[in-house]
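Chain and residue survey
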There are 2 protein chains.
Amino acid sequence: MDVTWSVDLSLDRGSPVPLYFQLSQQLESAIEHGRLRPGALLGNEIRLAGRLGLSRPTVRQAIQNLVDKGLLVRRRGVGTQVVHPRVRRPSQLSSLWDDLEAAGRRPSTLVRSLAAVPAPPEVATALGLADGAEVLRLERLRLADGEPLALLLTYLPPHGFRPSADELETTGLYRLLRTAGVTPHSARQTIGARAATPEEATALTEPPGAPLLTLTRTAYDTAGRAVEHGTHACRASRYSLDLQLLLRP
Amino acid sequence: MDVTWSVDLSLDRGSPVPLYFQLSQQLESAIEHGRLRPGALLGNEIRLAGRLGLSRPTVRQAIQNLVDKGLLVRRRGVGTQVVHPRVRRPSQLSSLWDDLEAAGRRPSTLVRSLAAVPAPPEVATALGLADGAEVLRLERLRLADGEPLALLLTYLPPHGFRPSADELETTGLYRLLRTAGVTPHSARQTIGARAATPEEATALTEPPGAPLLTLTRTAYDTAGRAVEHGTHACRASRYSLDLQLLLRP
DNA sequence: GAGTGGTCTAGACCACTAA
DNA sequence: TAGTGGTCTAGACCACTCC
């Protein structure tokens with residue numbers, strides 16, 4: 001049973017937005033708003049293409065898009081089906097700042113220190129620099145709705161880019177890096193836990209020895225240059241990480 | 001400068017393996033083995049297609065594959081470039097069992113309890129069952145090289161599938177589920193930290209109050225039925241989670 | 001046997017980048 | 001201006017699933 005007949009799909013060939021993307025967005029919105037119900041069969045790619053005046057590859061590209069997002073499943077000999085909506089949300093582990101904003105909480109940042117220092121050995125290794133090379137050391141306290149959430153210790157290699165404390169308190173670091181022409185491509189992240197040191201406990205208003213969730217991340221650009229290395233120490237009592245996984249066999 | 005000329009790319013049209021996949025694998029292996037160096041330009045999709053006797057869309061599909069894996073970057077007007085190899089490894093967060101095996105450690109499992117019980121409220125909610133519905137409760141101790149690593153508490157809805165303690169001690173749970181025809185499609189996971197309870201501390205040979213890394217996961221099939229819900233409590237001193245992220249703007 | 005997605009071809013025009 | 005990837009077309013045959 002073909003369900004897409006009941007959905008209003010309209011394409012604008014004059015738009016600079018690619019046709020496959022327009023279709024992909026409209027299908028996604030239809031799923032999101034329940035106009036395409038979970039389990040519904042999308043029906044024949046070829047008929048769909050014919051109805052929309054598109055070629056089949058274009059329609060396939062749109063569908064593949066949503067399959068990659070986990071909204072649709074294709075089964076050969078059966079059809080394309082809407083996945084049950086139990087699972088949604090960005091599957092990305094984006095920046096802490098953006099996560100908080102998206103969650104409707106009011107993030108803020110306090111810059112505790114910002115200085116050029118010689119890189120400690122472990123940092124030099126992570127950034128691919130010579131031992132003791134000069135790096136920018138940045139220590140921030142991240143708050144949500146005025147309540148301390150995490151201590152962020154960040155090291156930046158010399159980009160020629162030197163953010164001010166002011167900028168750092170009004171925007172996320174990644175956004176600043178991007179506007180400075182530094183675009184991270186991939187990152188390696190280690191998630192662990194440990195007990196808070198006395199200093200950390202004080203800064204985070206936790207009892208000494210409280211469990212912290214730690215995220216240590218190194219980000220790279222496409223040339224393989226390290227762009228950032230840092231550790232987030234989060235109050236486990238106030239913060240947890242939500243991940244969405246697609247399990248592909 | 002086109003680098004692919006120096007790489008031996010041979011396709012077998014008689015093979016059941018799709019051509020785009022053959023090409024994709026050979027390029028990946030060439031990158032992995034350094035025959036295609038980081039930063040190298042792959043050069044013109046059309047010439048590459050011509051040389052291999054393929055059509056351009058087929059070549060594009062192969063390349064897109066590697067772009068999605070983060071091994072290549074495309075830039076319009078410039079070309080397709082090999083990303084620096086700083087970052088590799090499966091970007092999936094797979095099963096704990098497989099992760100350990102891949103890391104060359106010897107995983108083992110001790111089943112501490114396995115019984116049908118009425119679902120606690122929180123579990124019933126997560127699994128989408130009525131309060132008090134019967135579920136399979138499974139408590140395991142995961143070890144690596146004989147050393148306790150994590151306590152795994154798992155709840156399974158009634159699949160008609162009832163694993164034996166024996167099977168559970170020799171294989172990972174997900175592998176068992178799959179052979180029973182239950183195929184997870186996506187999962188939602190929450191990562192946090194907390195202090196160990198006295199019982200947990202004993203089982204994990206940690207001091208009481210030691211920090212634990214906790215992973216709470218609910219997995220769903222394509223129909224949106226919950227397939228599994230459970231919590232892993234890992235010794236933070238012995239275990240951390242490695243993630244590989246691709247940052248797409 | 002009928003219907004589905006999976007793969008593949010041989011073209012075309014456009015937008016962007018760099019020299 | 002020349003070269004690149006981005007998008008799009010109109011077909012084709014195959015493998016698989018279900019009836």
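Nothing here was measured: the structure is a model prediction, and the numbers come from that model. Residue numbers restart at each chain and count upward from 1, following the sequence in its written direction. Numbering of ligands from 1 and lettering of chains from A proceed in the order in which they are written. Local features in this predicted model are restricted to residues of pLDDT 70 or higher, and side-chain atom pairs are both shown and tallied only at a pLDDT of 80 or more, whereas totals for entire chains, interfaces and linings draw on every residue. Computation of side-chain values: all heavy atoms of the structure, hydrogens and water removed.

**Description of the protein's contact with DNA strand D**
Neighbouring residues are identified by heavy atoms, a residue being near a molecule or strand if any of them is within 4 Å of it. In the neighbourhood of DNA strand D, 25 residues make up the surrounding shell, with Arg13, Leu19 and Thr58 of chain A together with Asn44 and Arg56 of chain B lying closest. For DNA strand D, the backbone makes up 68% of the atoms found within 4 Å of the protein, where backbone means sugar plus phosphate. At a separation of 2.4 Å, a phosphate oxygen of DNA strand D approaches a polar backbone atom of Leu19 of chain A. In the model, a sugar or linking oxygen of DNA strand D is placed 3.2 Å from a nitrogen or oxygen of the Arg76 of chain A side chain. Helix and strand labels come from DSSP, where a helix needs a run of H or I of at least four residues and a strand needs a run of E of at least two; each type is numbered from the N terminus. Of all the secondary-structure elements, those providing two or more residues to the surface near DNA strand D are helix H1 (19–32) and helix H3 (56–69) of chain A together with helix H2 (45–52), helix H3 (56–69), strand S1 (72–75) and strand S2 (79–82) of chain B. Element by element, the count of residues in the surface near DNA strand D is highest for H3 of chain A, at three residues. For the surface near DNA strand D, the per-class residue count stands at seven nonpolar, eight polar and 10 charged. Nitrogen and oxygen atoms within 3.5 Å of one another constitute a polar contact, given that in protein one can donate a hydrogen and the other can accept it, and given that sequence-neighbouring residues count only through two side-chain atoms. Just so you know the grouping, Ala, Val, Leu, Ile, Met, Phe, Trp, Tyr, Cys and Pro go in nonpolar, Asp, Glu, Lys and Arg go in charged, and all remaining residues, Gly too, go in polar.

**Looking at the protein's contact with DNA strand C**
Near DNA strand C, the surroundings consist of 25 residues, among which Asn44 and Arg56 of chain A together with Arg13, Leu19 and Thr58 of chain B are the closest. Of everything in DNA strand C that lies within 4 Å of the protein, sugar and phosphate atoms constitute 67%. One of the side-chain N or O atoms of Arg60 of chain A is found 3.1 Å from a phosphate oxygen in DNA strand C. Thr80 of chain A has a polar side-chain atom sitting 3.2 Å from a phosphate oxygen of DNA strand C. Looking at the surface near DNA strand C, the elements that each hand over two or more residues are helix H2 (45–52), H3, strand S1 (72–75) and strand S2 (79–82) of chain A together with helix H1 (19–32) and H3 of chain B. It is H3 of chain B that contributes the most residues to the surface near DNA strand C, three residues altogether. In the surface near DNA strand C, the residues fall into seven nonpolar, eight polar and 10 charged.

**Description of the side chain of Glu45 of chain B**
All names here are of chain B. Looking at the element boundaries, Glu45 is found in helix H2. Glu45 sits in the buried class, given a relative accessible area of 11%. Looking at Glu45, its side chain comes within polar contact range of the side chain of Arg60, at 3.3 Å. Exposure is judged per residue with a 1.4 Å probe applied to protein chains only, and the accessible area is read against the type maximum: over 50% gives exposed, under 20% gives buried, and values in between give partly exposed.

**Quick word on the domain arrangement of chain A**
When the parts come together, some accessible area is lost, and that loss is often what is quoted as the size of the interface. Per the annotation, domain bounds derive from an automatic or database assignment of domains. When cut into domains, chain A gives domain 1 (3–82) and domain 2 (87–241). Each of domain 1 of chain A and domain 2 of chain A has a C-alpha centre, and these two points are 39 Å apart.

**Considering the interface of chain A and chain B**
Residue contacts are counted whenever heavy atoms from the two residues lie within 4.5 Å of one another. In this complex, chain A contributes 47 residues to the contact, which on the side of chain B involves 47 residues. Summing the contributions of chain A and of chain B, the shared interface buries around 4,100 Å²; its carbon and sulfur component is 55%. What counts as a salt bridge is simple: a side-chain nitrogen of Lys or Arg found within 4 Å of a carboxyl oxygen of Asp or Glu. Across the contact surface, chain A and chain B share zero salt bridges. Secondary structure elements with two or more residues in the side of chain A that touches chain B: S1, helix H7 (173–179), strand S6 (186–195), strand S7 (211–220) and strand S9 (241–246) of chain A. With 10 residues, the top contributor of residues to the side of chain A that touches chain B is S6 of chain A. Tallied by class, residues from the side of chain A that touches chain B come to 24 nonpolar, 13 polar and 10 charged. Buried area is a sum: the accessible area each of two parts loses on coming together, probed at 1.4 Å, counted once for each and added.

**Quick look at the relation of the copies chain A and chain B**
Only residues with pLDDT of at least 70 in both copies contribute their C-alpha atoms to the least-squares superposition of the copies. The two copies are related by a screw motion: chain A maps onto chain B through a turn of 180° and a shift of 0.0 Å along the axis, at an RMSD of 0.1 Å. The symmetry that links the two subunits is that of a two-fold axis. It is Pro211 of chain A whose C-alpha, among those of chain A, lies nearest the rotation axis, at 2.6 Å. Of the interface residues in chain A, 100% have counterparts in chain B that sit at the interface too, so the contact is made through matching surfaces.

**Considerations on the sheet that holds strand S4 (residues 134–144) of chain A**
Across the sheet, seven strands lie side by side as S3(A)-S4(A)-S5(A)-S8(A)-S7(A)-S6(A)-S9(B); this open sheet has antiparallel pairing. The open sheet terminates on both sides in strands that have one partner only, identified here as strand S3 (107–118) of chain A together with strand S9 (241–246) of chain B. Across this sheet, the average inter-strand angle for adjacent strands is 20°, counted without regard to direction. Following DSSP output, two strands are said to pair if at least two bridges run between them. With 11 bridges connecting them, S3 of chain A and S4 of chain A associate as antiparallel partners. The residue of S4 of chain A that forms the bridge with Val117 of chain A is Val135 of chain A. Between the N-to-C directions of two axes lies an angle of 0 to 180 degrees, each axis being a line fitted to C-alpha atoms and, for a helix, fitted only over the stretch in contact.

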